[in-house]
Amino acid sequence: MADRISVLLIEDNPIHARLIQNLLEESTTSVFDLNSADRLSTGIERLSGGNIDVVLLDLVLPDSQELETLERVRAAAPEMPIVILTSLDDVTLAAKAVEEGAQDFLIKTETNSRTLTRSIHYAIERTRARKEEWDATMFRLAQQQFLKASQLMGLDVNVQERLLFPQRTHIVTFPFRRDEYNQVETVFGYRVQHLLTMGPTKGGIRYHTDVNLGEVSALAMWMTWKCALMNLPFGGAKGGVRIDPTGLSRRELQRLTRRYTSEIIDIIGPDKDIPAPDMGTDEQVMAWLMDTYSQQKGYTVPGVVTGKPVVLGGSLGRREATGRGLVYLVEAAADHTGLDLNGATAVVQGFGNVGSSTAKFLEEDGAKVLAVSDVTTGIYNPNGLSVQALFDYVAENRFLEGYTEGDTVTNEELLEIECDVLAPCALQNQITGENADRINCKILAEGANGPTTLEADEVLNGKGVFVLPDVLGNAGGVTVSYFEWVQDTQNYMWTLKEINERLHAILLDAFERSIKRATSEGYDLRTAALIEGIQRVTQAKLLRGVFP
Ligand code: GLU
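In this text the structure is predicted, and so the values were computed from the model without any measurement.

A.B. asks: I'd like to hear about unusual backbone geometry, residue by residue, with values.
C.D. replies: Of note, the bond from Phe-547 into Pro-548 is cis; its omega dihedral lies within 30 degrees of zero at 0 degrees. Residue placement: Pro-548 occurs in the segment after α19 (525-544). Even without glycine at this site, Glu-66 takes up a positive phi of about 50 degrees. Of note, Glu-66 is situated in helix α3 (residues 66-76). The exposure class assigned to Glu-66 is partly exposed, which follows from its relative accessible area of 46%.

Below, the structure written as structure tokens:
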């Protein structure tokens, strides 16, 4: 799956416009949606229509000349990345335009598909890096949820202020070699440690094009509440690299992972900060991370990472733990609300690690899985899908696209299918003020982090939907990660039965504590679960005091 970039080309020469169009079509790494304008006025109109990621700009147009062209585009869209397209004769002017704020210039006749794609990619990257590091929807959501909970619980304002931003953030830019030997890609990487009070920090590593400081910080904050709610001896952390991993070969993924590891090596370790898989990373990535760390130390350190293959000291049951834990909690929620899961209907958004195991365990409980989806498509069958057949199809074809045992639906349509259990197990920000009213389920089981906005929460609570919030719902992953870390530290292996029993006990205890608080204090379950976590962290902070 290549990433999709919307390009506005402002160019009056039809031959040059065609040339650029061909180069964009040739790209193997990105898909470009091209809008063309042969005059500046038309280009500016398109810009105000929104949805443009980057402008390719010829400075000499029938209705505008030289730097004035750039100034007018910037006045219309001040934050927009701009790449100047120039002829050989006008290179001095193009260089001047870069001085004035354009990101790059390309000489039309000397450009090939690769240089054009890279220039567009970097223009977008630089603009994002300058403007948007903290500005992520997810970070706003994490902070708002925290502020709501802290106001309701009357949290000490000194503690509140401290917890609103992460304790440590580490941003790196680093190169890695593509398979084409001369091509070196520079990317942004992050590791954020939200809270160091509780013990080592803990949280996954995400490879995704949306990764930035704000997003990683939101995820790190949620890890703090999740670990505290489960009574695990960890603070929250998260890491990530801004890249689309599906566009990388296995060797590229390995080089990227090893270099990223070496960039963050000083701040991770079994007693410091322990990464794990998250979106876009898996057991193999954890194995490379563990190997890179161990090579530097000179001996094998399995406990530096969790979610690694079992043969390297990984834990039985870790791979399915998030989905398994979510379904344990759905069972508890069904009991609580009087729903019989045997014969109930379920819809799962996402068919990665979390979504696929959630679908599997729901099916094992007797639920009929009506629909699943991934980044390529959604599949809906009112008679129920066979989860095993979906697993087999994805094992062979990587994505769900092309699966024929059902109708195709979009990810948005899938969320609105009437069902008993809806499990968003993919991206953040899926259930919002816009679609919450059309959500038609009894239990909303959040396998993803941050799938529901606060506005949507209000609508869902009003409709009587039982919301199993992410910090509780998907905590099975980090709980078995904790077991893995304990087993590594003790050089001891637990059986799968022991692991699942302990997981069940920990999740159910957190569920019951959260329900009790929700009922006795009149909060929704998300707020109650967050307060459980925040309160534990606050107690620890107050007992430790402020240094010096
Ligand atoms: N990435 C997972 C999460 O968001 C797991 C983290 C871990 O196991 O440390 O909870």
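A.B. asks: Hey, could you go over the packing of aromatic side chains for me, with residue numbers and the actual values?
C.D. replies: Applying the stated criterion to the full structure yields 13 aromatic pairs. Between Trp-134 and Phe-165, the aromatic rings sit 5.4 Å apart at their centres with planes inclined by 80 degrees, giving edge-to-face as the arrangement. Taken together, the positions of Trp-134 in the loop between α5 (113-131) and α6 (137-153) and Phe-165 in the loop between α7 (157-164) and β6 (168-177) put the pair 31 residues apart, joining distant regions of the chain. On the basis of relative accessibility, which here comes to 37%, the residue Trp-134 falls in the partly exposed class. When its relative accessible area of 39% is taken as the criterion, Phe-165 is described as partly exposed. Taken together through their ring pairs, the aromatic side chains of Phe-234, Tyr-482, Phe-483, Trp-485 and Trp-494 make up a single cluster. Geometry around Phe-188 places Arg-242 over its ring, the cationic atom sitting 4.8 Å from the centre. Here the guanidinium or amino end of Arg-502 rests over the ring plane of Trp-494, the centre of that ring lying 4.0 Å away.

A.B. asks: Please give an account of the packing of helix α8 (residues 213-229) against α19 that cites residues and values.
C.D. replies: When two helices pack together, you describe them by how their axes are tilted relative to each other and by the distance separating the axes. For the pair α8 and α19, interaxial distance at closest approach is 8 Å and the crossing angle is 85 degrees. Taken together, α8 and α19 sit at an angle that is classed as roughly perpendicular. Of the residues in α19, those in contact with Thr-224, Trp-225, Ala-228 and Leu-229 of α8 are Ala-529, Leu-530, Glu-532, Gly-533, Ile-534, Arg-536 and Val-537. Considered class by class, the residues forming the contact of α8 with α19 number seven nonpolar, two polar and two charged.

A.B. asks: Lay out helix α10 (residues 283-297) with the relevant residues and their values.
C.D. replies: For α10, built from 15 residues, the straight-helix expectation of 21 Å at 1.5 Å per residue is met to within 8% by its first-to-last C-alpha distance of 21 Å. The complete set of buried residues in α10 reads Val-285, Met-286, Ala-287, Trp-288, Leu-289, Met-290, Thr-292, Tyr-293 and Ser-294. Considering only its buried residues, α10 is in contact with β8 (201-208), α9 (250-264) and β10 (273-277). Sitting at the head of α10, Asp-282 places a side-chain oxygen 3.1 Å from the backbone nitrogen of Gln-284. Directly beyond the C-terminal end of α10, a positive phi value near 95 degrees is found at Gly-298.

A.B. asks: Hey, could you go over the sheet that holds strand β4 (residues 82-86) for me, with residue numbers and the actual values?
C.D. replies: Taken together, the five strands give an open sheet; going across it, the order is β2-β1-β3-β4-β5, and neighbouring strands pair in parallel fashion. The sheet is open, and its two edges are formed by β2 (30-37) and β5 (104-107), each paired on a single side. Each adjacent strand pair in this sheet contributes to an overall mean axis angle of 25 degrees, direction not counted. As judged from the four bridges shared by β4 and β5, these two strands associate in the parallel manner. What sits directly across from Val-83, in β5, is Asp-104.

A.B. asks: Outline the packing of helix α1 (residues 14-26) against α5, listing residues and values.
C.D. replies: For the pair α1 and α5, interaxial distance at closest approach is 8 Å and the crossing angle is 85 degrees. The angle between α1 and α5 falls in the class roughly perpendicular. The residues of α5 that touch α1, namely those facing Ile-20, Leu-23, Leu-24 and Glu-26, are Ser-113, Leu-116 and Ile-120. Per-class residue counts for the contact of α1 with α5 are five nonpolar, one polar and one charged.

A.B. asks: Which residues make up the pattern of salt bridges, and what values go with them?
C.D. replies: This structure, assessed with the given rule, holds 35 salt bridges. Between Arg-206 and Glu-215 there is a salt bridge, with the nearest N and O atoms lying 3.3 Å from each other. Exposure remark for Arg-206: the relative accessible area of 3% places this residue in the buried category. With its nearest N and O atoms 3.1 Å apart, the salt bridge here joins Asp-509 to Arg-513. Linking Asp-509 with Arg-513, this pair stays in helix α18 (residues 496-521), spanning four residues, or about one helical turn. For Asp-509, a relative accessible area of 36% puts it in the partly exposed group. Residue class for Arg-513 comes out partly exposed when judged on its relative accessible area of 22%. Each of the salt bridges in this network shares a partner with another, and the network as a whole consists of Asp-509, Arg-513, Arg-517, Glu-521 and Glu-532.

A.B. asks: Describe the sheet that holds strand β15 (residues 421-424), with residues and values.
C.D. replies: In space, the seven strands of this open sheet follow the order β14-β13-β12-β11-β15-β16-β17, with mixed pairing throughout. Either end of the sheet is taken by a strand with one partner, and the two such strands are β14 (407-409) and β17 (466-468). Neighbour to neighbour, the strand axes of the sheet diverge by 20 degrees on average, direction disregarded.

About the criteria used
Residues numbered from 1 in each chain as written. Predicted model: local features only at pLDDT ≥ 70, side-chain atom pairs only at ≥ 80, totals over all residues. Heavy atoms only, no water. Helix = DSSP H or I, 4+ residues; strand = E, 2+ residues; numbered from the N terminus. Buried < 20%, exposed > 50% of the residue type's maximum accessible area, 1.4 Å probe, protein only. Phe/Tyr/Trp six-rings, centres within 6.5 Å; stacked < 30°, edge-to-face > 60°. Lys NZ or Arg CZ within 6 Å of the ring centre and 35° of its normal. Axes fitted to C-alpha atoms, helices over the stretch in contact; angles between N-to-C directions. Parallel < 35°, antiparallel > 145°, perpendicular 65-115°, else oblique. Contact = heavy atoms within 4.5 Å. Nonpolar A, V, L, I, M, F, W, Y, C, P; charged D, E, K, R; others polar. Expected span 1.5 Å × (residues − 1). Polar contact = N/O pair within 3.5 Å; in protein donor to acceptor, adjacent residues only side chain to side chain. Pairing = 2+ DSSP bridges. Salt bridge = Lys/Arg side-chain N within 4 Å of Asp/Glu carboxyl O.

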